Amino acid sequence: MADGSVKSGFQFDSYKVDRIDFTVEQSLSTLASRQNDFDVKYSFSFRDALKYKDSADKVLYVTGLRVSVSVLSKNDKHEMAKGLFEITGLFVSMGTFTAEQEEFLARTQAPTILFPYVRAVISQTMYNAGFAIPIMPLLNINEMAKDTKLKVVENAMS
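The paragraphs below set out a description of the structure included in this document. Counting restarts for each chain: residues are numbered from 1 in the order of the written sequence. Selection of residues for local features in this predicted model requires a pLDDT of at least 70, selection of side-chain atom pairs for listing and counting requires 80 or more, and totals for whole chains, interfaces and linings are taken over all residues. As a rule here, side-chain values come from all non-hydrogen atoms in the structure, and water together with hydrogens is ignored.

Regarding the overall build of the chain
Under the convention used in this document: Only runs of H or I of at least four residues qualify as helices and only runs of E of at least two qualify as strands under DSSP, and these elements are numbered from the N terminus. The globule rule used for comparison is 2.2 Å times the number of residues to the exponent 0.38, while the radius of gyration itself is calculated over C-alpha atoms. Note on exposure labels: buried denotes an accessible area under 20% of the residue type's maximum, exposed denotes more than 50%, and partly exposed covers the range between, all computed with a 1.4 Å probe on protein chains only. Residues are treated as being in contact if the distance between any of their heavy atoms lies within 4.5 Å.
Helix and strand counts for the chain stand at three helices and six strands. Reading the helices (α) and strands (β) of the chain from amino to carboxyl end gives β-α-β-β-β-β-α-α-β. Taken against the 2.2 N^0.38 rule, which gives 15 Å for 158 residues, the C-alpha radius of gyration of the chain at 19 Å runs more than 25% over that of a compact globule. Over its C-alpha atoms, taken along the principal directions, the chain stretches across nearly 60 × 35 × 30 Å. Sorting the 158 residues of the chain into buried and exposed places 35% on the buried side. Excluding contacts between residues fewer than 6 apart, the proportion of contacts in the chain whose partners are at least 24 apart in sequence is 74%.

Laid out in structure tokens, this is it:
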């Protein structure tokens, strides 16, 4: 590490997009639709953070984000396509924060860090399915997570 650099005590280690369920209605109206013929609605849910202590006294947090997508016809409001996307991330604490600070980071910052990865998968999936939409909008996931009742749940290493 170069002199003067800063290393966070709460680090993003890895992620997996662990669920992609996406279906498109098989109909002439869906196939013939154009970009201005539909609207896209998104809904979000957050998973409680699972907390593990490893043998090196590091604390591991596993948390995730779920995004539901619905593509609705502007003409008659029927659902042309729908999807469910889930992502799980692993975060490591080096013990430099208080328990309250770590829990805040696991509950609010972790979903914020994971969002761009699942956002890219959703945008690419929809594009590949023929819905040439702009990239999914940026959202303030941090604020959305603060408004939930997310918990940190203690677990044993397995």
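Read on, since the account is not over.
As for the packing of aromatic side chains
Applicable threshold: Note on aromatic pairs: the rings of Phe, Tyr and Trp (six-membered ring only in Trp) are paired at centre separations within 6.5 Å, and the planes decide the class, stacked below 30 degrees, edge-to-face beyond 60, tilted for the rest.
Scanning all chains against the criterion turns up nine aromatic pairs. Taking 6.0 Å as the distance between ring centres and 65° as the angle between the ring planes, the aromatic pair formed by Phe44 and Phe115 counts as edge-to-face. Here Phe115 lies in helix H2 (residues 99–128) and Phe44 lies in strand S2 (residues 38–46), a separation of 71 residues in the sequence. Looking at Phe115, the relative accessible area reads 3%, which means it is buried. Aromatic ring contacts, followed pair by pair, group Phe10, Phe12, Tyr15, Tyr61, Phe91 and Tyr117 into a single cluster.

Observations concerning unusual backbone geometry
With a phi close to 65°, Lys77 is a non-glycine residue in the positive phi region. The topology assignment puts Lys77 in the loop between strand S4 (59–73) and strand S5 (79–93).

Overview of the environment of Val71
Residue position: Val71 is located in strand S4. Put simply, Val71 and Val152 are 81 residues apart on the chain and 33 Å apart in space, counted from C-alpha to C-alpha. In contact with Val71, not counting residues within four places along its chain, are Phe38, Asp39, Val40, His78, Glu79, Met80, Ala81, Met126 and Phe131.

Considerations on H2
Side chains of residues three or four places apart in an α-helix project in the same direction, reflecting 3.6 residues per turn. The following threshold applies: Take the residue count of a helix, subtract one, and multiply by 1.5 Å to get its expected span. Note that the bend at a residue is defined as the angle between axes fitted to the seven residues ending at it and the seven residues starting at it.
Compared with the 44 Å implied by 1.5 Å per residue over 30 residues, the 43 Å span of H2 between its first and last C-alpha is a close match. The axis of H2 is deflected most strongly, by about 35°, at Gln109, and proline Pro111 appears within four residues downstream. Phi turns positive one or two residues past the end of H2, at Gly130, with a value near 100°.

Regarding the pairing of strand S3 (residues 49–53)
Rules: Any two strands are treated as partners once DSSP identifies two or more bridges connecting them.
As paired strands, S3 and strand S6 (residues 152–154) are joined by three bridges and run parallel to one another. If you follow Ala49 over to S6, its bridge partner there is Val152. The pairing of S3 with S4 spans four bridges and is classified as antiparallel. Counterpart to Tyr52 in the pairing with S4 is Leu60.

Focus on the side chain of Ser33
Along the chain, Ser33 falls in the loop between helix H1 (28–31) and S2. Filtering out sequence-adjacent residues up to four positions away, Ser33 remains in contact with Phe38 and Met80.

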